[in-house]
Amino acid sequence: MISIEEAQILITRHAHPLPHATVPLADTLNRTLAEDVASDVDSPPYDKSIVDGYALRAADFSPEAALTVIEEVVAGAVPRQAVAAGTATRIMTGAPLPEGADAVVMVEQTEAVAEPPSLGKVVLRAEKVSAGQNIMRRASSMRRGETVLAAGHRLRPMEIGLLAEVGRAEVRVIRQPTVAVLSTGNELVPPSQAPAAGQIRNSNSAMLVACTRLADANPVALGISRDERHELATLIGEGLKHDVLLISGGVSAGVLDLVPRTLAELGVRQVFHKVAIKPGKPLWFGVLEQDGQTRLVFGLPGNPVSSLVCFDLFVRPALAALGGQGFFASAAVAARLASAFDQRGDRVTYFPATVRNDAGTLTAEPLSWKGSGDLRALASANALLRFPAGSRRFEPGDTVEAVRFD
Ligand code: AMP
Ligand code: MG
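Thresholds applied
- Residues numbered from 1 in each chain as written.
- Chains lettered and ligands numbered in written order.
- Predicted model: local features only at pLDDT ≥ 70, side-chain atom pairs only at ≥ 80, totals over all residues.
- Heavy atoms only, no water.
- Near = heavy atom within 4 Å.
- Polar contact = N/O pair within 3.5 Å; in protein donor to acceptor, adjacent residues only side chain to side chain.
- Areas by Shrake-Rupley, 256 points an atom, 1.4 Å probe, with all protein chains shown as cover.
- Helix = DSSP H or I, 4+ residues; strand = E, 2+ residues; numbered from the N terminus.
- Nonpolar A, V, L, I, M, F, W, Y, C, P; charged D, E, K, R; others polar.
- Contact = heavy atoms within 4.5 Å.
- Buried < 20%, exposed > 50% of the residue type's maximum accessible area, 1.4 Å probe, protein only.
- Phe/Tyr/Trp six-rings, centres within 6.5 Å; stacked < 30°, edge-to-face > 60°.
- Lys NZ or Arg CZ within 6 Å of the ring centre and 35° of its normal.
- Pairing = 2+ DSSP bridges.
- Axes fitted to C-alpha atoms, helices over the stretch in contact; angles between N-to-C directions.

**Notes on the site of ligand 1**
Inference 1: Not every one of the 17 residues close to ligand 1 is listed here, only the nearest: Glu187, Asn202, Ser203, Gly250 and Gly302.
Inference 2: A distance of 2.5 Å separates an oxygen atom of ligand 1 from a polar atom in the side chain of Glu187.
Inference 3: At a separation of 3.4 Å, a nitrogen atom of ligand 1 approaches a polar backbone atom of Asn204.
Inference 4: Protein chains shield 77% of the accessible area of ligand 1, which is 480 Å² for the free molecule.
Inference 5: For the shell around ligand 1, the secondary structure elements donating two or more residues are strand S13 (178-184) and strand S15 (200-201).
Inference 6: Its residues assigned to classes, the shell around ligand 1 shows four nonpolar, 11 polar and two charged.

**A closer look at the environment of Val271**
Inference 1: Note on placement: Val271 falls in strand S18 (residues 269-273).
Inference 2: Here the alpha-carbon distance between Val271 and Ile11, two residues 260 residues apart in the chain, equals 8.3 Å.
Inference 3: Ignoring any residue separated from it by four or fewer positions in sequence, one finds Val271 in contact with Leu10, His14, Phe285, Gly286 and Val287.

**Comments concerning unusual backbone geometry**
Inference 1: For the peptide bond that leads from Ser43 to Pro44, omega is -10°, which places it in the cis range.
Inference 2: Along the chain, the position of Pro44 falls in the loop between strand S2 (37-38) and strand S3 (48-49).
Inference 3: Following Pro116, the chain continues to Pro117 via a peptide bond in cis, the omega torsion being 5°.
Inference 4: Looking at where Pro117 falls in the secondary structure, it is placed in the loop between strand S8 (110-115) and strand S9 (118-124).
Inference 5: At Ala139, a residue that is not glycine, the phi angle is positive and equals roughly 65°.
Inference 6: In this fold, Ala139 is placed in the loop between strand S10 (135-136) and strand S11 (147-149).
Inference 7: Phi at Asp216 is positive, roughly 60°, even though this residue is not glycine.
Inference 8: Residue position: Asp216 is located in the loop between helix H3 (204-214) and strand S16 (218-225).
Inference 9: The class of Asp216 is partly exposed, set by a relative accessible area of 23%.

**Some thoughts on H3**
Inference 1: All buried positions along H3 are accounted for by Asn204, Ser205, Met207, Leu208, Val209, Cys211 and Thr212.
Inference 2: In this structure, the buried side of H3 is in contact with S13, S16, strand S17 (244-248), strand S21 (293-300), helix H6 (304-322) and helix H7 (375-378).
Inference 3: Phi turns positive, to about 60°, at Asp216, one or two residues after H3.

**Some thoughts on the packing of aromatic side chains**
Inference 1: Here the structure, examined in full by the defined rule, presents six aromatic pairs.
Inference 2: Between Phe285 and Phe298, the ring centres sit 4.9 Å apart and the planes meet at 45°, which makes this aromatic pair tilted. Of this pair, Phe285 sits in strand S20 (residues 284-290) while Phe298 sits in strand S21, and the two are 13 residues apart along the sequence.
Inference 3: With a centroid separation of 4.0 Å and 5° between ring planes, the pair formed by Phe341 and Phe387 is classed as stacked. In this pair, Phe341 is assigned in strand S23 (residues 341-343) and Phe387 in strand S26 (residues 383-387), connecting sequence segments 46 residues apart. Like Phe341, the residue Phe387 is buried in the burial classification.
Inference 4: Aromatic ring contacts, followed pair by pair, group Phe341, Phe351, Trp369, Phe387 and Phe394 into a single cluster.
Inference 5: Note that Arg90 overlies the ring of Tyr54, its terminal NZ or CZ placed 5.4 Å from the centroid.
Inference 6: The side chain of Arg392 reaches across the aromatic face of Phe394, ending 4.0 Å from its centre.

**So, the sheet that holds S17**
Inference 1: Ordered in space as S16-S13-S17-S21-S20-S18, the six strands form an open sheet in which the pairing is mixed. Either end of the sheet is taken by a strand with one partner, and the two such strands are S16 and S18. Each strand of the sheet is rotated relative to its neighbour by a mean of 20°, with strand direction disregarded.
Inference 2: The strands touched by helix H1 (residues 4-12) within the sheet are S18, S20 and S21, with S18 carrying the most contacts at an inclination of about 160°.
Inference 3: The sheet strands contacting H3 are S13, S16, S17 and S21, and the helix crosses S13 at an angle near 165°.

Read these as spatial facts, not as claims about activity.
Right, here's the structure in full:
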């Protein structure tokens, strides 16, 4: 049996960034930029006021000076008159600075003197005025033609805002992986159905679809396959049209565990089967190389918690690698164990826990958990504790590794 790290390395060998696609800006969140992007504008496009106030010549300032207001310029408008000695223009945030002005005094430091029908005068209550104050100079943020984002950059909300500012309604990104999700098992019925004797509901499909969404990939739910060669082959064939196929169940050692065999018949090459991890040991991974494309196939153990742990350790980083972000496993943090834990056996163990912050110290409480079918306990967990292989009792206060969900 191989280790978690060996399994991850084998997956990285096959998880290469997908081809590029040009997509609308609105669909680029968390995607990887596949081109260098240059600005098509100066930003700001003109010297602009960054406050509501009066544009004037700094040299005109003296305490209590009264300047004649010649114009009012709102954002979106253009000044028509130059500011000369003894005059000022009422200006709003974001509006272009009038010619002749070299400073803006914020409205809170002025007093308007009404003289209808003229715009009246403004008395300066500021203590001093320096040239350049409250002005953002043209192109001080970026120049037209300048590269503002390089290929490889992950697009967060701020990058998306910047792309909008530089006029990119469409952007070239690394294509989002599509992930087919197939659950197998004669015992499974959909969530909408009441289970009859011997049946349980299919929790894995809904959960894996949600995991896929959280991983910024595009899920395609294929439903449930009976443990029957023909039906399994048909649905797996459907799933192999996607970048990644997640199959839950049917990879252990039961008499109806037909998944590895069926995959082999469809030309999917096994890369590994079984990993030294608890839960999750039966994990199967293989690839289909066809028409210059590599499809990744994960056979996840049917037990829901095993499936979830395998998704987090192996599938999520693989999806990130396909999306151009590299293969990164979740980082663990150190926490102090709140109650004793008996680690048994020769596999690294992941165990649900609640981790809380006690005045700067992370404390981890292992949950009462009935095993890898117990999703209910997992729903109150916010972390998985990672215990190294080898039997050992961990005492309260011992430092352990925690991988947090949040
Ligand atoms: P398997 O890996 O097919 O041997 O399944 C292991 C255990 O997980 C069995 O108890 C199954 O009933 C259960 N199981 C398999 N698939 C699912 C599923 N999609 N949702 C919930 N439980 C499942
Ligand atoms: Mg099964």
